[in-house]
Protein chains: 2
Amino acid sequence: MIYLDNSASTFVKPKEVIKANIDALTKYTANPGRSGHQASVKAAMAVQEVREKLSNHFNASNSENVIFTQNCSEALNIAILGMAKQGGHVICTESEHNSVLRPLNYLKEKGIIDFTVARQSQKTGIVACDIEKHIRQNTYMVICNHISNVNGDKADIESIGQLCKERGLIFLVDGAQSCGHEKIDIMKSNIDFLTIAGHKGFYAPQAIGALIMSGKAIPEPIKFGGTGTNSLDLNQPKEIPDRYETGTLSTPSIVALGAGIEFVENHFEEIKNRLDDLTTYLNYELSKLPVDVYTQPENPNGVLAFNIPGTHSNDFCNYLDEKWNICTRGGYHCAPEKHKALGTIDQGAVRVSMSYFNNINEISRLVQAIKHYIK
Amino acid sequence: MIYLDNSASTFVKPKEVIKANIDALTKYTANPGRSGHQASVKAAMAVQEVREKLSNHFNASNSENVIFTQNCSEALNIAILGMAKQGGHVICTESEHNSVLRPLNYLKEKGIIDFTVARQSQKTGIVACDIEKHIRQNTYMVICNHISNVNGDKADIESIGQLCKERGLIFLVDGAQSCGHEKIDIMKSNIDFLTIAGHKGFYAPQAIGALIMSGKAIPEPIKFGGTGTNSLDLNQPKEIPDRYETGTLSTPSIVALGAGIEFVENHFEEIKNRLDDLTTYLNYELSKLPVDVYTQPENPNGVLAFNIPGTHSNDFCNYLDEKWNICTRGGYHCAPEKHKALGTIDQGAVRVSMSYFNNINEISRLVQAIKHYIK
């Protein structure tokens, strides 16, 4: 089987990640932060170590500002629902996933906020002026997908962060598809909230996410309950990260994420180059064929979308799966506004998404399959 | 090390659970329900199998009514926040965990609901008449902790379920401490929502929870985002379980939970007897010593609370940990109302919580440590 659906979840996990996960199932099974005994403290220290790794990786000001979540969607929900401002306005981009659009739509339907979907003026991704023109007096937040999960378009988060800083806007970056192979510096890019999916670019098990905060904007929690702290107080604790980490944490996934971060840091250039090479090669090969490609050559970010004219994306993905044993993803990839922008709202698109563990032979085989179908 | 803090998280995981988790890290790493290809379908089928196991285990009407959550707290939040009724009234019990009390308190502080904490008229646990006397015209929900995580008190959920049915009230049972060693029949006990913690009585990894619904009461979701379905619709899907399962599921934990359910079903009587024997033995031994025991002999449910007069519970737990290598938990166990009821609001209590993997020698050693301290 050739697996090219890594934007949904990276399929091959590094042996270091698997080992860390197995270790955690025997060594760190006490509840971290719930008791003072040695086993609980040991688990809590293992979790804290990963908090610090994430904090360092993204240059957060403080490891306490790293919140572990079930998945990237939950991290986005905390930032979006938790910062909602009655009568306020939010700007997001055409590349947003439903994990951004649906919370925004919920707040809009409730009459709490209004929001605008910014469109790209340039082919390769959103830039600051695409956002700036939508700023209203009541705009309080900008949400920006970093790398599109549909076609790899990349937003210029540095300049957008600068704009947000100048205009006093909260800046939320959805790093689901960029973390692990893009350098992101929270402080330098003026990011208030960065959300990540550990089981994607960090090669961790499903599902572990995180919300990394600047500490300047403090959302309301969206869940309430036991945190192991201030047990006599019926109010959710004010302390961070406890305020957002209700109930037992996924210790084995967190410990495995720690190994994933280390793996990524040890292979950062290789990973980046691998994704670049594979995407560029595929894009070049497709440029010679009668197919519609929706990924710019300037965006070799490990994800490429295309269509074969006259064939629905799902039909072609089924063909690749059944006849060639190649896994890709058709349809809309939970990103309806992006497909509207690409003009693919009728047939969706065939998405090829790669990881460090793919190789050139696999992409060659995919190209061969496409050629065979066209012929 | 002797680990007696299993109510926080069972420490030893059955080899079947560990094996299932490891398998999932290599076999089921595609994203379930996100694509149509073989790897995604395989992961989705593995998840569905566990949904069916849980559904069968608790006699739910339909596997679709099994919602996977990050942990038990999230399941409780969905049921409590998602069913909130403006101007309504909720009855809970003195045994509730903060994962029930804090969401209720949040709704009360927002001016949405009022709630009453029912007290026990009998020593061993809440019965229907303790609830009945608090029913008001605007009462819409009863929340009942099944087995107390502090002292093992057990609620009579059958009669309370009957009462709720007769009075048209939604019935939510927090099964965090009972699932895995108590038979619970959703339909027979008229339960609308049952919440479970997989990493406790089902010996699954941290952290996986579930909300099991009757299907008669449908909560609003508390998170919004990608579900892999109806991607073009910005509204959260109406379909269950998708409506509540936003973002990527924790496939390895779910698959491991499946192995845990099987383990529990294959050893159900043994597990129950083991917990019964160990609790009864400990209670008997303590009855001969000058200590305050807060667990009734009629409740040999694997958890026992006590105090040594004049010693703060945390101090004694530290002593057990440091001098005897025995892990227990002091303080309030995230259950402030229970400690008020037990009269332990000043010193908390020493909690001993057992699992199938504990044995009589370990409890003997604990008794020896207590005797040594008293002397």
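What you see is a predicted model, and the numbers here were worked out from it, not measured in a lab. (Residues numbered from 1 in each chain as written. Chains lettered and ligands numbered in written order. Predicted model: local features only at pLDDT ≥ 70, side-chain atom pairs only at ≥ 80, totals over all residues. Heavy atoms only, no water.)

Remarks on the overall build of chain A
The secondary structure content of chain A amounts to 11 helices and 12 strands. Relative to the 2.2 N^0.38 estimate, which gives 21 Å for 375 residues, the radius of gyration of chain A is 21 Å and therefore close to what a compact globule would have. For chain A, the residues scored as buried account for 68% of the 375 residues in total. Of the roughly 12800 Å² of accessible surface on chain A, 47% is carried by carbon and sulfur atoms. Side chains of chain A give 37 positive and 41 negative charges; the mean places of these two sets differ by 2 Å. (Helix = DSSP H or I, 4+ residues; strand = E, 2+ residues; numbered from the N terminus. Rg over C-alpha atoms; globule rule 2.2 N^0.38 Å. Buried < 20%, exposed > 50% of the residue type's maximum accessible area, 1.4 Å probe, protein only. Areas by Shrake-Rupley, 256 points an atom, 1.4 Å probe, with all protein chains shown as cover. Lys, Arg positive; Asp, Glu negative; His and termini not counted. Charge placed at Lys NZ, Arg CZ, Asp CG, Glu CD.)

So, the relation of the copies chain B and chain A
With an RMSD of 0.0 Å, the operation that places chain B on chain A is a rotation of 180° combined with a shift of 0.0 Å along the axis. Here the transformation between the copies is reduced to the relation of a two-fold axis. Identified as the residue of chain B closest to the rotation axis by C-alpha distance is Gln70 of chain B, at 2.9 Å. (Least-squares fit on C-alpha atoms with pLDDT ≥ 70 in both.)

A short note on the sheet that holds strand β4 (residues 113-118) of chain B
Residues and elements named next belong to chain B. Within the open sheet, the 7 strands sit side by side as β2-β8-β7-β6-β5-β3-β4. Their pairing is mixed. Looking at which strands have only one partner, the edges of the open sheet turn out to be β2 (66-69) and β4. Strand after strand, the sheet turns through a mean of 20° between neighbouring axes, direction not considered. Examined bridge by bridge, strand β7 (residues 193-197) and strand β8 (residues 209-213) share 5 bridges and lie antiparallel to one another. Of the residues in β8, the one forming a bridge with Ile196 is Ala210. (Pairing = 2+ DSSP bridges. Axes fitted to C-alpha atoms, helices over the stretch in contact; angles between N-to-C directions.)

Observations regarding the confidence of the model for chain A
Scored by pLDDT, chain A comes out at a mean of 97, with 100% of its residues at no less than 70. Interface scoring of the predicted complex returns ipTM 0.97; its pTM is 0.98. (pLDDT = per-residue confidence, 0-100.)

Looking at the domain arrangement of chain A
One widely used convention gives an interface's size as the accessible area the parts lose upon coming together. All names here are of chain A. Domain boundaries assigned for chain A yield domain 1 (2-11 + 268-374) and domain 2 (15-265). Summarising the inter-unit geometry, the C-alpha centres of domain 1 and domain 2 are found 27 Å apart. Between domain 1 and domain 2, roughly 2700 Å² of surface is buried when both sides are summed, and carbon and sulfur atoms account for 53% of that area. When the buried area of domain 1 at its contact with domain 2 is split by residue, Phe268, Glu337 and Lys338 rank highest and sum to 26% of it. At the junction of domain 1 with domain 2, the criterion picks out 4 salt bridges. Remark: the boundary between domain 1 and domain 2 carries 23 residue pairs in polar contact (both at pLDDT 80 or more). (Domains from an automatic or database assignment. Buried area = accessible area lost by both parts, 1.4 Å probe. Salt bridge = Lys/Arg side-chain N within 4 Å of Asp/Glu carboxyl O. Polar contact = N/O pair within 3.5 Å; in protein donor to acceptor, adjacent residues only side chain to side chain.)

Quick notes on the interface of chain B and chain A
On the side of chain A, 76 residues touch chain B, which itself brings 76 residues to the contact. Regarding the contact of chain B and chain A, the summed buried area is about 6300 Å², with carbon and sulfur atoms giving 54% of it. Counting the surface chain B buries against chain A, the share from its top three residues, Arg102, Phe224 and Leu234 of chain B, is 13%. Here chain B and chain A share 2 salt bridges between them. (Contact = heavy atoms within 4.5 Å.)

As for the side chain of Thr251 of chain B
Here Thr251 of chain B shows up in helix α7 (residues 251-266). A relative accessible area of 0% means that Thr251 of chain B is categorised as buried. Beyond its immediate stretch of four places on either side in the chain, Thr251 of chain B contacts Gln206 of chain A together with Tyr28, Pro32 and Val47 of chain B.

Quick look at the sheet that holds strand β7 (residues 193-197) of chain A
Residue and element names in this part refer to chain A. Taken together, 7 strands build an open sheet; the order of strands is β2-β8-β7-β6-β5-β3-β4 and the sheet is mixed. On the outer flanks of this sheet lie β2 (66-69) and β4 (113-118), each paired with one strand and no other. For this sheet, the mean angle separating the axes of adjacent strands, direction not counted, is 20°. Bridge count for β2 against strand β8 (residues 209-213) is 4 bridges, and the pairing is antiparallel. Its bridge partner lying in β8, Phe68 is registered against Ala210. Along the sheet, helix α6 (residues 157-167) contacts β5 (139-145) and β6 (170-174); its crossing angle with β6, the most-contacted strand, is approximately 160°.

Some points on the side chain of Asn21 of chain A
Relative to the helices and strands, Asn21 of chain A is located in helix α1 (residues 15-27). If we skip the residues at most four places from it in the chain, Asn21 of chain A touches Pro205, Pro252 and Ala256 of chain A together with Asn21 and Leu25 of chain B.

Focus: the environment of Tyr319 of chain B
Residues and elements named next belong to chain B. With respect to the helices and strands, Tyr319 occurs in helix α9 (residues 313-324). Using a relative accessible area of 16% as the deciding quantity, one classes Tyr319 as buried. Sequence spacing of Tyr319 and Ala369 is 50 residues, and the spatial spacing of their C-alpha atoms is 9.2 Å. Not counting chain neighbours up to four residues away, the residues in contact with Tyr319 comprise Trp324, Ala369, His372 and Tyr373.

Looking at the pairing of strand β10 (residues 303-307) of chain B
Residues and elements named next belong to chain B. With 5 of 5 residues buried, β10 lies mostly within the body of the structure. Taking every second residue as pointing to the same face, both faces of β10 are buried, with Val303, Ala305 and Asn307 on one and Leu304 and Phe306 on the other. Bridge count for strand β9 (residues 292-293) against β10 is 2 bridges, and the pairing is antiparallel. Residue pairing in the sheet places Val293 in a bridge with Phe306 of β10. Alignment of β10 against strand β12 (residues 350-353), held across 4 bridges, turns out to be antiparallel. Bridging across to β12, Ala305 finds its partner in Arg351.

Brief notes about unusual backbone geometry
Residue and element names in this part refer to chain A. At the junction of Ile240 and Pro241, the peptide bond is cis and its omega measures out at 10° in the coordinates. Along the chain, Pro241 falls in the loop between β8 and α7 (251-266). Although it is not a glycine, Asn59 sits at a positive phi angle of roughly 55°. Inspection of the secondary structure assignment puts Asn59 in the loop between α2 (38-57) and β2. Asn59 sits in the partly exposed class, given a relative accessible area of 32%.

Details of the pairing of β4 of chain B
Residues and elements named next belong to chain B. Extensive coverage of β4 is indicated by the burial of 5 of its 6 residues. Two strands pair when backbone bridges link them, and strand β3 (residues 88-93) and β4 are joined in this way by 6 bridges, in the parallel orientation. The residue bridging Val90 from the neighbouring strand is Phe115, located in β4. At this point the chain moves from β3, through helix α4 (residues 98-109), to the parallel β4, and the crossover so formed is right-handed. (Right-handed = clockwise from strand over helix to strand, strands pointing away.)

Let's talk about the packing of helix α1 (residues 15-27) of chain B against α7 of chain B
Residue and element names in this part refer to chain B. Between α1 and α7, the least distance of the axes is 8 Å, while the angle of their chain directions is 155°. Between α1 and α7, the angle falls in the class roughly antiparallel. The crossing of α1 and α7 is right-handed. Each of Glu16, Val17, Ala20, Asn21, Ala24 and Leu25 in α1 lies in contact with α7, whose residues at this interface are Pro252, Val255, Ala256, Ala259, Gly260 and Phe263. Partitioned by chemical class, the residues of the contact of α1 with α7 number 9 nonpolar, 2 polar and 1 charged. (Parallel < 35°, antiparallel > 145°, perpendicular 65-115°, else oblique. Left-handed = near helix turned anticlockwise from the far one by under 90°. Nonpolar A, V, L, I, M, F, W, Y, C, P; charged D, E, K, R; others polar.)

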